[in-house]
Amino acid sequence: MRSCLFKVLCMGPIPTHFSFIMDGNRRYAKKMDMGEGAGHRAGFFALVSVLKYCYEVGVKYISVYAFSIDNFKRRPEEVKTIMDLILEKTEGLLEEGSIADQYGVRVYFVGNLKLLSEQVRIAAEKVMEATAHNTRCVLLICIAYTSCDEIVNSVRECCKDKMEEIEDEEGDDLVDIEKHMYMGVAPDPDILLRSSGEKRLSNYQLWQTTHCTLYSPTALWPEISLLHVVWGILKFQRSYAYFEKKKKKML
Amino acid sequence: MDSKQKVRGFSCSIHQIGNLGLQLLWSLVHLLISIGYFVVAAAAAVESYLISSGLLTRYKVLNISKLKYLAIVIESDDAVQTSKVVQLLRWLEVMGVKRMCLYDAQGVLKKSKASIVKMLDNAVLFEELDEKDLLEKPKCMALEFASMSDGKEGVVKAANLLFAKYMELGNRDGLDDEFFTEAQVGEALRAVGCKGPEPDLLLVYAPVRCHLGFPAWRTRYTEIVHMGSLKSMRLGSLTKAIYKFTRVRQNYGK
């Protein structure tokens, strides 16, 4: 049934890059009368399903907002619960039969990784190294990330480059700034889905979403299903001609 | 050989018929979606009429003080319709919105800013306000006009300014990471002319819900609401969007 549905969807353009803000895990736990950490675990299962649907339909790049720099302001116990879950699932990606293995996914951890604990950072680096040879699909996990921090980092790196070429009197240009963005390893997203109906980007991929369809289904992240992914792709297909025209105008 | 070729030809035809069938199904799905959107748009038009005629009483009282700064993104091809833009601004003025930014990617609105301000009775350009005016309760409408050159290109200018400032400090031993902070980048953006505050609400008048390159630095926690195209703008829909914004509660990541 799903493969028939995907065959029909593939008659139109499929997004190259689908981005997700996984909002609503805590509200889901409250709604289902679960413990706080259980919401994030349920969110992880939803993430795995969404990744499978996207890779099966032919989306090559997927990015997810796993943890914002602003999230460090949460209660320390909650931050520890989330970091423990991230560590557990990151180590899980190294195992045989993991989703990275099954779908040939190259994994990037994108963000200010220096803000993470050594354990999580080392696990992330191991996964990036272990999956570096995968070429079928790409998963970008935005962790300790905000767009503003990304822009500041990019400006810093550009200035570092300029210091090394001090005889070169030319200033930075847009290409230099974009080259140093954390998200520079992937093309700009074509569609961004934020669950739980919230209509803001919360400091996520603000630079990259100039020509990106924004979609905010009211379902909480653990409730996100195949239907939402399909509806997102249909929305992308409806706006495809408009954005192609816009991109051509810019060139 | 002959029978193999026949089988190959037959399976090719089946494949082509199959593809045609899928293509028809795909077109049918999109046709049904378009019909659905048409019905939703008709319902929205009726609701908008009920709101603007005062029949839906809950929208009568707007807590406009919560909306400190509004941004309006308009599709550049529609931004040439200055009379529509002015009408929209007049509606906002009546609602009590005093500070706003008008954005279109190609800068069409920037070119007509003088005529837009002239057509409104009580409006000034945002850049004409000084610090004292910004802190006091606004007496007239202050309009900022922005385009893509205030977004990504603004960050490039800010980066060059920061680099020049850094070199003036005379430290050539290696980059001091502590020099480059969000505060420094924010200050550099203001110095190169990208001064406007972060809008609380961004209304998009375009075919698709997308911010079309509104300055990234300023939309961290901005609510982004799609209003449809400028030609189908309605007072009732505008009232509803602002009303819904005033009911939003943000955690800011906490």
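The rules behind these values
Residues numbered from 1 in each chain as written. Chains lettered and ligands numbered in written order. Predicted model: local features only at pLDDT ≥ 70, side-chain atom pairs only at ≥ 80, totals over all residues. Heavy atoms only, no water. Helix = DSSP H or I, 4+ residues; strand = E, 2+ residues; numbered from the N terminus. Buried < 20%, exposed > 50% of the residue type's maximum accessible area, 1.4 Å probe, protein only. Contact = heavy atoms within 4.5 Å. Pairing = 2+ DSSP bridges. Salt bridge = Lys/Arg side-chain N within 4 Å of Asp/Glu carboxyl O. UniProt positions renumbered as here; feature names shortened; annotations may be inferred. Axes fitted to C-alpha atoms, helices over the stretch in contact; angles between N-to-C directions. Parallel < 35°, antiparallel > 145°, perpendicular 65-115°, else oblique. Nonpolar A, V, L, I, M, F, W, Y, C, P; charged D, E, K, R; others polar. Patch = residues over 30% accessible without salt bridge, like charges linked within 9 Å, V, L, I, M, F, W, Y side chains within 5 Å. Areas by Shrake-Rupley, 256 points an atom, 1.4 Å probe, with all protein chains shown as cover. Arc of directions from axis to C-beta. Phe/Tyr/Trp six-rings, centres within 6.5 Å; stacked < 30°, edge-to-face > 60°. Buried area = accessible area lost by both parts, 1.4 Å probe.

(A) Examining the overall build of chain B more closely. When helices and strands are counted, chain B shows eight helices and six strands. Across chain B, helices and strands are ordered from the amino to the carboxyl terminus as α-β-α-β-α-α-β-α-β-α-α-β-β-α. By principal-axis analysis of the C-alpha atoms, chain B measures approximately 85 × 65 × 40 Å. In chain B, buried positions account for 45% of the 254 residues. Of the contacts formed within chain B by residues at least 6 apart in sequence, a portion of 70% connects residues at least 24 apart.

(B) Layout of the pairing of strand 4 (residues 141-146) of chain B. Residues and elements named next belong to chain B. Most of strand 4 is tucked away: six of the six residues are buried. Alternating positions in strand 4 separate into two faces, Met141, Leu143 and Phe145 on one and Ala142, Glu144 and Ala146 on the other, with burial throughout. Where strand 2 (residues 99-103) and strand 4 come together, five bridges link them in parallel fashion. Its bridge partner lying in strand 4, Arg99 is registered against Ala142.

(C) Fine view of the pairing of strand 1 (residues 17-21) of chain A. All names here are of chain A. The buried fraction of strand 1 amounts to five of the five residues, a majority that puts the element mostly inside the structure. Neither face of strand 1 is open: one carries His17, Ser19 and Ile21, the other Phe18 and Phe20, and all of them are buried. Here strand 1 runs beside strand 2 (residues 61-68); their pairing, made up of five bridges, is parallel. Each bridged residue has a counterpart across the sheet, and for Phe18 the counterpart in strand 2 is Ile62. As paired strands, strand 1 and strand 5 (residues 191-194) are joined by four bridges and run parallel to one another. What sits directly across from Ser19, in strand 5, is Leu192.

(D) Looking closely at the pattern of salt bridges. All names here are of chain A. Taken as a whole and assessed by the stated rule, the structure comprises 24 salt bridges over all chains. Put simply, Arg74 and Glu78 hold a salt bridge, and the shortest N to O gap is 3.0 Å. Look at Arg74 and you get buried, because its relative accessible area is 17%. For Glu77, the salt bridge is made with Arg75, and the minimal N-O distance between the two is 2.9 Å. Judged by relative accessible area, which is 41%, Arg75 ranks as partly exposed.

(E) Looking closely at the UniProt feature "transmembrane region" (unreviewed entry) in chain B. As annotated by UniProt and renumbered to match this structure, "transmembrane region" (unreviewed entry) occupies residues 28-50 of chain B. Between the end C-alpha atoms of residues 28-50 of chain B there is a gap of 33 Å, over a span that is 100% helix and 0% strand.

(F) Molecular detail of the packing of helix 1 (residues 2-9) of chain A against helix 9 (residues 226-250) of chain A. Residues and elements named next belong to chain A. Helix 9 packs onto helix 1 with a crossing angle of 10 degrees between their chain directions and a minimal axis gap of 11 Å. With respect to each other, helix 1 and helix 9 are oriented roughly parallel. Contacts between helix 1 and helix 9 pair Arg2, Leu5, Phe6 and Leu9 from the former with Leu226, Val230, Ile233, Leu234 and Gln237 from the latter. Each residue belonging to the contact of helix 1 with helix 9 can be placed in one class, and the counts come to seven nonpolar, one polar and one charged.

(G) Structural context of a nonpolar patch on the surface. Residue and element names in this part refer to chain B. On the surface, a nonpolar cluster with roughly 710 Å² of combined accessible area is contributed by Leu25, Leu28, Leu31, Leu32, Ile35, Phe38 and Val39. Relative to the elements of secondary structure, Leu25 occurs in helix 1 (residues 2-52). Judged by relative accessible area, which is 42%, Leu25 ranks as partly exposed.

(H) Layout of the environment of Ala130 of chain A. Relative to the helices and strands, Ala130 of chain A is located in helix 6 (residues 118-130). With relative accessibility at 37%, the residue Ala130 of chain A sits in the partly exposed group.

(I) View of helix 7 (residues 182-191) of chain B. All names here are of chain B. Listing the buried residues of helix 7 in full gives Val185, Gly186, Ala188 and Leu189. Summarising the axial view, the buried residues of helix 7 lie within an arc of 165 degrees, below the 170-degree limit, and thus occupy one face. Facing away from the buried surface of helix 7 by more than 90 degrees, the exposed residues are Ala183 and Ala191. Gly193 occupies a position one or two residues after helix 7 and carries a positive phi of about 105 degrees.

(J) Representation of unusual backbone geometry. Although it is not a glycine, Asp33 of chain A adopts a positive phi angle of roughly 60 degrees. With respect to the helices, strands and loops of the structure, Asp33 of chain A is situated in the loop between helix 2 (25-31) and helix 3 (36-57). Residue classification places Asp33 of chain A among the exposed residues on the basis of a relative accessible area of 72%. For Leu212 of chain B, which is not glycine, the phi dihedral falls at a positive 55 degrees.

(K) Main features of the packing of aromatic side chains. All names here are of chain A. The tally for this structure, following the rule as stated, stands at 18 aromatic pairs over all chains. Geometrically, the ring pair formed by Tyr65 and Tyr204 is stacked, given 4.3 Å between the ring centres and 15 degrees between the ring planes. Placement of the pair is Tyr65 in strand 2 and Tyr204 in the loop between strand 5 and strand 6 (213-215), with a sequence separation of 139 residues. Residues Tyr65 and Tyr204 agree in their burial class; the two are buried. With centroids separated by 6.3 Å and ring planes inclined at 55 degrees, the aromatic side chains of Tyr145 and Tyr182 adopt a geometry described as tilted. Of the two residues, Tyr145 is situated in strand 4 (residues 137-145) and Tyr182 in the loop between helix 8 (174-179) and strand 5; the sequence distance between them amounts to 37 residues.

(L) Here's a closer look at the interface of chain A and chain B. Contacts between the two partners involve 57 residues from chain A and, on the opposite side, 56 residues from chain B. Of the roughly 5000 Å² buried between chain A and chain B, counting both surfaces, carbon and sulfur atoms make up 66%. Looking only at chain A, the three residues that lose the most surface to chain B are Met11, Met163 and Arg200 of chain A, adding up to 14% of its buried area. Residue Lys249 of chain A is joined to Asp77 of chain B by a salt bridge in which the shortest nitrogen-to-oxygen separation is 3.0 Å. Going through the elements one at a time, helix 1, helix 7 (147-164), helix 8, strand 6 and helix 9 of chain A are the ones with two or more residues in the side of chain A that touches chain B. Residue contributions to the side of chain A that touches chain B peak at 12 residues, all from helix 9 of chain A. Partitioning the side of chain A that touches chain B into residue classes produces 24 nonpolar, 13 polar and 20 charged.

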